[in-house]
Amino acid sequence: MAGGEKKQSLSPKEIIHHKFVVKASYRIEQVHVSSQSNCLYRCHLQLPEFSVVSNVFKRKKDAELSAAELALEKLGIHPQDDDDITVEQAWDDMVERIKYIFSDEFLSSGHHPLGSHLRATLLRDGERHGSVPLSIIAAFDAKINSGCKVINPSVDQDPILAMSYVMKAAAKLTDYIVVSPHVASLRRKNPYPPAIVEALDTHGESIKVEAVYIQCATSGEEVVDPVILDISSGRYYLDVIAEKLGLKDGSQLIISRTFGKTPSGFECRVYSAIPKLNPSDKSSKAYGKRPADEEDQSSHFKTPWNAKASSACGQDIHGDAIVAAVGYSWRSNDIEHDDVTLKSFYRICCGMSPNGIYKFSRQALIAATLPFSFTTKSNWRGPLPREMLSIFCRQQQLAEPVFTISTSPVKPLSETLRSFKKLKDSESNDGNNQCVNEYAGSDDSFNHYNSKDEEELPVLESGYRCGVKILSKSLQDLVLDCSPGSFYEKESHAIQNAALKALTWFGSLFDDLDADPEQPRCYTKGQMNWMFTRNVMIKGKFPSSKRYEQPAYDESKTMDMDRKPKRVQTIPNGSLVSISYSVSVEVEADFWGRTGKCLRELIESNEEIEFEVGVGSMNPHLESVVTQMSVGQYACFITNMPAEGLVLADASDTARTRSLLSKLAAGLEYNVHLLGVKGPTEKRVESVFFKPQLSKQRVGYAVKLIKESSAASTLVDFGCGSGSLLESLLEVPTSLQTIVGVDISEKALDRAAKMVDSKLNKGACNLKTIRLYDGSILEFDSRLHGIDIATCLEVIERMEEDEAFQFGKTVLTLSRPKLLIVSTPNYEYNKILHKSSLYHSKDKSISQRSKFRSHEHKFEWTRAQFNHWASKLAKSHNYSVEFSGVGGSGNVDPGFASQIAVFKRKSFTEVKKVSTQPYKVIWEWTRAQGDKKN
Ligand code: SAH
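Residues numbered from 1 in each chain as written. Predicted model: local features only at pLDDT ≥ 70, side-chain atom pairs only at ≥ 80, totals over all residues. Heavy atoms only, no water.

- For the chain, the name recorded in an unreviewed UniProt entry is Small RNA 2'-O-methyltransferase, with Brassica carinata as its organism.
- Listed in UniProt under the heading Cofactor (unreviewed entry), the comment for the chain reads: "Mg(2+)".
- Annotation of the chain in UniProt includes, under Catalytic activity (unreviewed entry), the sentence "small RNA 3'-end nucleotide + S-adenosyl-L-methionine = small RNA 3'-end 2'-O-methylnucleotide + S-adenosyl-L-homocysteine + H(+)". (UniProt positions renumbered as here; feature names shortened; annotations may be inferred.)

Next up, the structure:
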C-alpha cells in the first residue's frame, strides 16, 4: 500500500510540554487496592484551565501517559496533527512530483509501477495516446498519496477525493500538463522525444486473467459472476477492464486500495466507473466534494451504491465493479496477475468481518461462530480476541485499539450501563449508522439460548475492568467506545473480553445489518426444542468393541422423540467437546423426479475439532445437538441455508455448488460424531489438587514397577492413548526390548506415533522394537501372546462393566503376562474433589453425570468394587493381586484418588495358542533396520 514515511510523532507528554512548559504539573498518587499486593498509581495533571485524573495503573509512567492523553483529548489535539508537513507544503510537493512524473527522466527510469502505466498509455493510438488516468496517479504513487493524506486524511476512504487533488495540483502546471477534467486524465503538453518513445519495449505477452464481475442491482442483491480479462499484447490493461464495465477507456475508472489476497498471495483491487453525480445535486461541484453533513450520501450519485464491492474493499463503490489481481510491479515492466475466482472473492468478503476472521482461523466457515465470551486461554481456539481486533482494525483502516484498564468502579453504575456507544462518523456514507447503540455492559446479556433456565454466574464486584476505544486512522473520529461493566479476576481476561465485545459489535454490523447487537444469535429454548424434535436424529452409540461395524440404527439406543420430546443438555457449559462433522448442501429428490436421486455436495468437514460449550463458539444448532449427545453417538440434522456467499467461500466446486443452491436446496445437512468430552472441571481440579498431575503420577508408578521387573523384555500398554507411558519408557533405561501400544482411537494413535517418532534415539532406552496397533483391547491378537508386562491405565472405566471383566479375562487367559498393572478412578475420592468450589456447578441438568470425573466414564468403582473385580479375576487365573494407588493416601479414607491393581502370575501354564490377528499395525520401528512404517 502506498503511503508516505512519517516523521516520528511526538508523544502526548511531549505535546503537553511544548504547549504548557512549566504550567503543566503532574502529581502521582498511590492507590491501595486491598485485593492487590502491589501498589497502583493514579496521575493528576494540572493545566492552567483545567485538570484531569488518570485511571489506575501499575506503573507511574503509564498513569502519566494516560493523564496526558486525557488532557489532549479535552484540548481537541490529536497527537499526529503537529508532526506533519503543512498543507501548503503538501500542495507544493505534489505539484513538483507530478512535474517529475511527466519528465523524460521518469519515463526511462527503472520499474516504477507508474512508469509502466505511462509507457502503456504511450502505446495507445489517437487522442488517448499518452493520456494518463488520474486514478492511477492517485493510487500508485506513494508521494502523491501521502501528500493527499496531509491535505485530507479521508482520502484513504475516498479515491475520488484523491483524484480531485491530483487534478488541482496538475492544473498549476499549465506549461507542462494538459488537464482534461471531462476524461479524468493528464497528458504531457509537449510530446516525449521520439528516441525515448521508440526505445519503449512494446512487446508484451497476451494474457487471460480470471476476475469477478459484481453487477450492481438497483433493487436486491448484487450479482457476482466470473469474468475473463483478455489482455492482448500491447493493450493497456486498464482499458480492457474499462471496456468490460462498458466504459470508453481506463481514465473513466476509479481504482480502490488493495485489499484481500488470492490464495497465491496477489493483492486485489476493485475497479469501477467514476460515479456520475446527480444533476439535481448542486452542492457537490467537483469530484470528491463530499457532502459535509451526514445525509445518505448515495443520493448524490446517479449510480447506486455497490454493497458487495464496498464491503470487500472497505471503500465506497458505486455501480458495477470488477475485482481483479492484476497490475505492474517494481520488479519488472510486465503485468503481474493472478486469477480471482468466485471462491477467493467470497473468502475475501467473509474475512472482512470479525466473525469471518474467527471462522477462517478455525477452518470452519460454516460450523464456527465468534464466541460471545472468553473464558480461558486454553479453551480458546485460534488467535485471541485482542489479536483479532487488531487484524480487523488494520483491515478496516482504523487505528490500533486502545485499552484502558481500571481496577475499581470509576463511574456510577447508571453511567456504565450506557457503555457501548457508536459515535457519528463524519465521513461515513451510511445513513443508518448514526444510531447510538447501547449495551448493557454485563456479560450476562450475552448468555445464550438456555441460560434463562440456569442460575447466573456470580458477578464479580472487584478485579479488573477494561474498556476499549477505537478511532479512525486519522485519529479524528471515535468509532467505538466500549466499556463493559464486568470485572474479571485477571487483567488479561478483562482485555480479551473487552476486545471480544468490540468484535461482536463490529461483527453484528457486518454479518447482519438488522441484527440486534445486544442479543446475538439468540435462540429460545422453545425454538431449539422444535428444531431438535423435527430435525435431529441421534443414532445410538456403538459398543466400543464393535467400532468397525457399520453405524447401525439401533431402536433401543436411539432417542425416542415421542417419549422424550424435550432436549436435555447433558454436557454442561464449560466442557470441552471434540467432534468430527461434515456439512453438505442437499437438493430434494423430488426436484429431480426422473432420477429420484438426492443431489448433494460436501461443503465442509473436519475430522476433529474441539470447542468450549456455552460460549457460542459453534453454530448454535450444532452446539445444541452436540450437547445432548453422549460420546460415540452420531447425529444428523438439517438447518436452513446460510448466506450464499458463505457457502461459496467454503465449497470446493463453486460452479456445481452454485447450481445446486439455485435449485431449491433443501438445506444444509450436518452429520456429527461426538468424539470426546472433557468436563469443565476435570482438568482444573486435577491441576489444582494434584502436583504432579495425577496422570503423571500414574505413569510414574507404572514405570517404577517396570524398572523393578528386571527380566521383562516385552510390554503391551492396553489403551495407550497418546502414548504417555510409552513416552516415559523411551526416556529411562529398562530391560524392555519391545513395547507395544494398543488403542481404538486413530487420533490418539496418530499423536502417539508422532510423539514416539520425535523421541526416538533421544532417550537412554535399550528398545529394539516399538509398535502401535489399532484395535480393541476386548479382542485378542496372537501377536500379543506371551508378553511379560501388560499395563492398562485409566481405560476400563470407559467400557461397560461386563466388558471390563471380559478384558481382564482375555488378557489373563490368552496373553498371560507376568505382571499386569490396571488403574481406574476411585469413586469414593470424588467427594473430596466435589467439595472444591471448582466443582460447584450451577448447572442442574448435569447432576446425574457429574458424579463421575469425566463424561467418557461409563462407571467409576469404589475400592470394594475394584477389589471384587480384581480379586475374582486373579483367583480364577492363578494370579496374585495387590492394591495400591496414586493421589492422596491409601491409609486414610477415602483412599487413593486413582486406584491401582498389580496382578502377578503365580505359575506358568502353557496356554492353547489361538491364531487371530484382528489388530492393524499403525506404526512400527525396529532398531536393527532403523525403518519406520506408517
Ligand atoms: N492409558 C492412557 C490413555 C487413557 S485414556 C493414559 O493413561 O494416558 C483411555 C484410552 O483408552 C483412550 O485412548 C481410548 O481410546 C482407549 N480405549 C477405550 N476403549 C478401548 C478399547 N475397547 N480398546 C482399545 N482402546 C480403548
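Having seen it, we continue.
### Focus: the overall build of the chain
Here's step 1: Check the secondary structure of the chain and you find 27 helices and 30 strands.
Here's step 2: By residue count, 51% of the 934 residues in the chain fall in the buried class.
Here's step 3: Taking as baseline every contact in the chain between residues at least 6 positions apart, the subset at least 24 positions apart corresponds to 70%.
Here's step 4: For the chain, the exposed surface amounts to about 43800 Å²; the carbon and sulfur share of it is 51%. (Helix = DSSP H or I, 4+ residues; strand = E, 2+ residues; numbered from the N terminus. Buried < 20%, exposed > 50% of the residue type's maximum accessible area, 1.4 Å probe, protein only. Contact = heavy atoms within 4.5 Å. Areas by Shrake-Rupley, 256 points an atom, 1.4 Å probe, with all protein chains shown as cover.)

### Remarks on the site of the ligand
Here's step 1: Taken together, 15 residues lie around the ligand, and Gly-719, Ser-724, Asp-743, Ile-777 and Leu-793 are the ones closest in.
Here's step 2: At a separation of 2.8 Å, a nitrogen atom of the ligand approaches a polar backbone atom of Gly-719.
Here's step 3: At a separation of 2.9 Å, a nitrogen atom of the ligand approaches a polar backbone atom of Leu-793.
Here's step 4: In the complex, the protein chains occlude 84% of the 570 Å² of accessible area that the ligand would expose alone. (Near = heavy atom within 4 Å. Polar contact = N/O pair within 3.5 Å; in protein donor to acceptor, adjacent residues only side chain to side chain.)

### Considering the sheet that holds strand β3 (residues 51–53)
Here's step 1: Here we have three strands laid out as an open sheet, ordered β1-β2-β3, and antiparallel in their pairing. The open sheet has two edge strands with one neighbour each: β1 (25–31) and β3. Recorded for the sheet is a direction-independent mean angle of 20° between the axes of neighbouring strands.
Here's step 2: Sheet topology places β1 next to strand β2 (residues 40–46); seven bridges connect them, and they run antiparallel. Residue pairing in the sheet places Glu-29 in a bridge with Arg-42 of β2.
Here's step 3: Across the sheet, helix α2 (residues 60–75) lies against β1, β2 and β3, angled at about 35° from β2, the strand it touches most. (Pairing = 2+ DSSP bridges. Axes fitted to C-alpha atoms, helices over the stretch in contact; angles between N-to-C directions.)

### Things to note about the sheet that holds strand β15 (residues 465–471)
Here's step 1: Strand order across the open sheet formed by three strands is β14-β15-β16, with antiparallel pairing between neighbours. Strands at the two margins of the open sheet, each flanked by one partner only, are β14 (402–406) and β16 (478–482). Taking the axes of each pair of neighbouring strands and ignoring which way they run, one obtains an average angle of 15° across the sheet.
Here's step 2: Sheet topology places β14 next to β15; five bridges connect them, and they run antiparallel. For Val-402, the partnering residue across the bridge sits in β15 and is Lys-469.

### Notes on the side chain of Arg-362
Here's step 1: Structurally, the position occupied by Arg-362 is in helix α13 (residues 354–362).
Here's step 2: The charged side chain of Arg-362 is buried without a salt bridge, its nearest counter-charge being Glu-610 at 7.4 Å.
Here's step 3: If we ignore the near neighbours within four places in the chain, the residues touching Arg-362 are Ala-368, Arg-381, Asn-606, Ile-609, Glu-610, Phe-611 and Met-618. (Lys, Arg positive; Asp, Glu negative; His and termini not counted. Salt bridge = Lys/Arg side-chain N within 4 Å of Asp/Glu carboxyl O.)

### Some points on the packing of helix α22 (residues 694–708) against helix α23 (residues 724–731)
Here's step 1: The contact between α22 and α23 brings their axes to 10 Å, and the two run at 45°. The angle between α22 and α23 falls in the class oblique. The crossing of α22 and α23 is right-handed. For the pair α22 and α23, the contacting residues are Val-699, Ala-702, Val-703 and Ile-706 in the first and Ser-724, Leu-725, Ser-728 and Leu-729 in the second.
Here's step 2: A per-class count over the contact of α22 with α23 returns six nonpolar, two polar and no charged. (Parallel < 35°, antiparallel > 145°, perpendicular 65-115°, else oblique. Left-handed = near helix turned anticlockwise from the far one by under 90°. Nonpolar A, V, L, I, M, F, W, Y, C, P; charged D, E, K, R; others polar.)

### What about the confidence of the model for the chain?
Here's step 1: On average, residues of the chain score 79 in pLDDT, and 77% of them are at 70 or above.
Here's step 2: Ranking the elements of the chain by mean pLDDT puts helix α15 (residues 413–417) last, at 41, and strand β25 (residues 789–793) first, at 98.
Here's step 3: Note that residues 281–298 has pLDDT below 50 and, in this model, 35 contacts with residues that lie over four places away or in other chains.
Here's step 4: Here residues 840–849 scores under 50 on pLDDT; set against residues more than four positions off or in separate chains, the count is 15 contacts. (pLDDT = per-residue confidence, 0-100.)

### Brief notes about the side chain of Arg-119
Here's step 1: Tracing the backbone shows Arg-119 in helix α5 (residues 113–122).
Here's step 2: Not counting residues within four places of it along the chain, the set of residues in contact with Arg-119 comprises Leu-107, Ser-109, Gly-110, His-112, Leu-200 and Asn-333.

### Quick notes on the environment of Leu-793
Here's step 1: Among the secondary structure elements, Leu-793 is positioned in strand β25.
Here's step 2: Sequence separation between Leu-793 and Gly-719 is 74 residues; the distance between their C-alpha atoms is 7.3 Å.
Here's step 3: Beyond its immediate sequence surroundings of up to four residues, Leu-793 is in contact with Arg-698, Val-699, Ala-702, Phe-718, Ile-821 and Ser-823.

### Section: the nonpolar core
Here's step 1: Core analysis: the largest hydrophobic core is formed by 85 residues, its most contacted members being Phe-345 and Leu-389.
Here's step 2: When residues of this core are assigned to their parent elements, the largest contribution, nine residues, is made by helix α16 (residues 491–511).
Here's step 3: In this structure, Leu-389 is in contact with Pro-401, Phe-403, Val-468, Ile-470, Ala-499, Ala-502, Leu-503 and Phe-506, ignoring residues within four places of it in sequence.
Here's step 4: If you look at the next biggest cluster of nonpolar residues, it comprises 65 residues, including Ile-98, Tyr-192, Ile-196 and Tyr-236. (Core = buried A, V, L, I, M, F, W, Y, C linked by side-chain atoms within 4.5 Å.)

### A few points about the packing of α13 against helix α14 (residues 385–395)
Here's step 1: Axis separation between α13 and α14 bottoms out at 10 Å; the angle between their running directions is 125°. By the angle between their directions, the pair α13 and α14 is classed as oblique. For α13 against α14, the interelement crossing comes out right-handed. Taking contact as the criterion, the partners of Pro-354, Ile-357 and Tyr-358 in α13 are, on α14, Met-388, Ile-391, Phe-392 and Gln-395.
Here's step 2: Residues that form the contact of α13 with α14 fall into these classes: six nonpolar, one polar and no charged.

### Brief notes about the packing of aromatic side chains
Here's step 1: Taken as a whole and judged by the stated rule, the model has 20 aromatic pairs.
Here's step 2: Here the aromatic rings of Phe-718 and Phe-807 are separated by 5.5 Å at their centres, their planes lie at 75°, and the arrangement is edge-to-face. One end of the pair, Phe-718, is in strand β22 (residues 714–718); the other, Phe-807, is in helix α25 (residues 801–815), with 89 residues separating them in the sequence. Of the two residues examined, Phe-718 and Phe-807, each falls in the buried class.
Here's step 3: Chaining the aromatic ring pairs together yields one cluster made of Phe-859, Trp-861, Phe-866, Trp-869, Phe-883 and Phe-903.
Here's step 4: One Lys or Arg, Lys-872, reaches over the ring of Phe-805 and ends 5.5 Å from the middle of that ring. (Phe/Tyr/Trp six-rings, centres within 6.5 Å; stacked < 30°, edge-to-face > 60°. Lys NZ or Arg CZ within 6 Å of the ring centre and 35° of its normal.)

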